[in-house]
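Structural overview
Here's the letter readout for the chains.
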Amino acid sequence: NLDIKIGEINTKSGFGKDEDYWYPLDEVEIDFVVEYNGDGNKDEFQDGQLDWALYTSDGDLISDGDENIKDLGDGDDETITISFKVDPNDLNVDTEDYILFVSATGKENYKDTLKADKDICLSDSQDIEIRMDDNFVVLDDIKFLPDPASCGSEVEVTADVWNIGADDQDDVSVRVFID
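Within each chain, residue numbers correspond to sequence positions counted from 1 in written order. Selection of residues for local features in this predicted model requires a pLDDT of at least 70, selection of side-chain atom pairs for listing and counting requires 80 or more, and totals for whole chains, interfaces and linings are taken over all residues. As a rule here, side-chain values cover all heavy atoms of the structure and leave hydrogens and water aside.

Here the focus is the environment of Thr 81. Looking at where Thr 81 falls in the secondary structure, it is placed in strand 6 (residues 77-85). Between buried and exposed lies partly exposed: a residue is buried under 20% and exposed over 50% of the maximum accessible area for its type, with that area taken using a 1.4 Å probe on protein chains only. The exposure class of Thr 81 is partly exposed, given its relative accessible area of 42%. Note: C-alpha distance between Thr 81 and Glu 29 (52 residues apart in sequence) is 6.8 Å. Throughout, a contact is declared for two residues whenever any of their heavy atoms are within 4.5 Å. In this view, Thr 81 contacts Glu 29, Ile 30 and Asp 31; residues no more than four positions away in its chain are not counted. At 2.6 Å, the side chain of Thr 81 forms a polar contact with the side chain of Asp 31. Secondary structure elements follow DSSP: runs of H or I of four or more residues count as helices, runs of E of two or more count as strands, with numbering from the N terminus. Nitrogen and oxygen atoms within 3.5 Å of one another constitute a polar contact, given that in protein one can donate a hydrogen and the other can accept it, and given that sequence-neighbouring residues count only through two side-chain atoms.

In structure tokens form, the structure reads like this:
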């Protein structure tokens, strides 16, 4: 009577293409849809919890979390949205294949007193590709001081520089343009 599925996947910021593939440092937003359809006796799904995790294809945990699911009546659904940043420190340059896994657990309460309440669990998964191109350097956590700057003043720029590519980089330069 419970259904869970991985819904829409969006890359909020970064270089990835939503559910097709992600890059390190992408900010990813994922919708999980939970539906409950009892047997028509105004049954309820209660005390629900959604657990999600991103694993390598070898089973190493990359990122995970959990969210409460609101109590659902017969025919109700809920969309739970999570977001996270793909942390390059957690990735292996030799691995591109990952698995997004989600499960929902809770208790099904029957209004029919002849039926005993029962615990239920359901899951879904989706393959995810995280690309690590050979030559790919990005900036993160960029800060300008002062902000805003006035004409003719000096501006200090700080940022984290990440080599999210597979190859080592020797000569990396950053250019700043002001329109």
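This is not the end of the story, as more comes after the structure.
What follows deals with unusual backbone geometry. The amide bond that connects Leu 145 to the next residue, Pro 146, takes the cis arrangement and shows omega of -5°. Secondary-structure assignment places Pro 146 in the loop between strand 9 (137-145) and strand 10 (156-163). In this chain, Asp 147 is followed by Pro 148 through a cis amide linkage whose omega measures 5°. Secondary-structure assignment places Pro 148 in the loop between strand 9 and strand 10. In this model, Asp 141 sits at a positive phi of 55°, which is unusual for a non-glycine residue. Here Asp 141 shows up in strand 9.

Right, let's talk about the layout of surface pockets for a bit. Grid points spaced at 1 Å over the protein atoms alone were grouped into cavities, where a 1.4 Å probe fits but cannot get out, and pockets, open sets with protein on both sides within 12 Å along at least five of seven lines, with lining residues defined by an atom within 4 Å of a point. Grid points are joined across faces, edges and corners, and a volume is the space filled by probe spheres set on the points. Approximately 160 Å³ is the volume attributed to the largest pocket. In terms of lining residues, the largest pocket is bounded by Leu 139, Ile 142, Phe 144, Val 157, Thr 158, Ala 159, Val 161, Val 174, Arg 175, Val 176 and Phe 177. Listed by contribution, the elements that provide at least two residues to the lining of the largest pocket are strand 9 and strand 10.

Each aromatic pair joins two rings of Phe, Tyr and Trp (for Trp, the six-membered one) with centres within 6.5 Å, and gets the label stacked for planes under 30 degrees apart, edge-to-face for over 60, and tilted for any other angle. This model, assessed by the stated rule, comprises 7 aromatic pairs. Considering the side-chain rings of Phe 15 and Phe 136, the 5.1 Å spacing of their centres and the 65° angle between planes classify their relative orientation as edge-to-face. You can see Phe 15 sitting in the loop between strand 1 (2-13) and strand 2 (27-36) and its partner Phe 136 sitting in the loop between strand 8 (118-129) and strand 9, a full 121 residues away along the chain. For Phe 15, a relative accessible area of 46% puts it in the partly exposed group. Assessed through its relative accessible area of 14%, Phe 136 is described here as buried. Members of the aromatic cluster, connected to one another through ring pairs, are Phe 15, Tyr 21, Tyr 23 and Phe 136. Distance and angle both matter: a charge sits over a ring if NZ of Lys or CZ of Arg is within 6 Å of the ring centre and within 35 degrees of the ring normal. Between Arg 131 and the ring centre of Tyr 21, over which it is positioned, the NZ or CZ distance is 3.5 Å.

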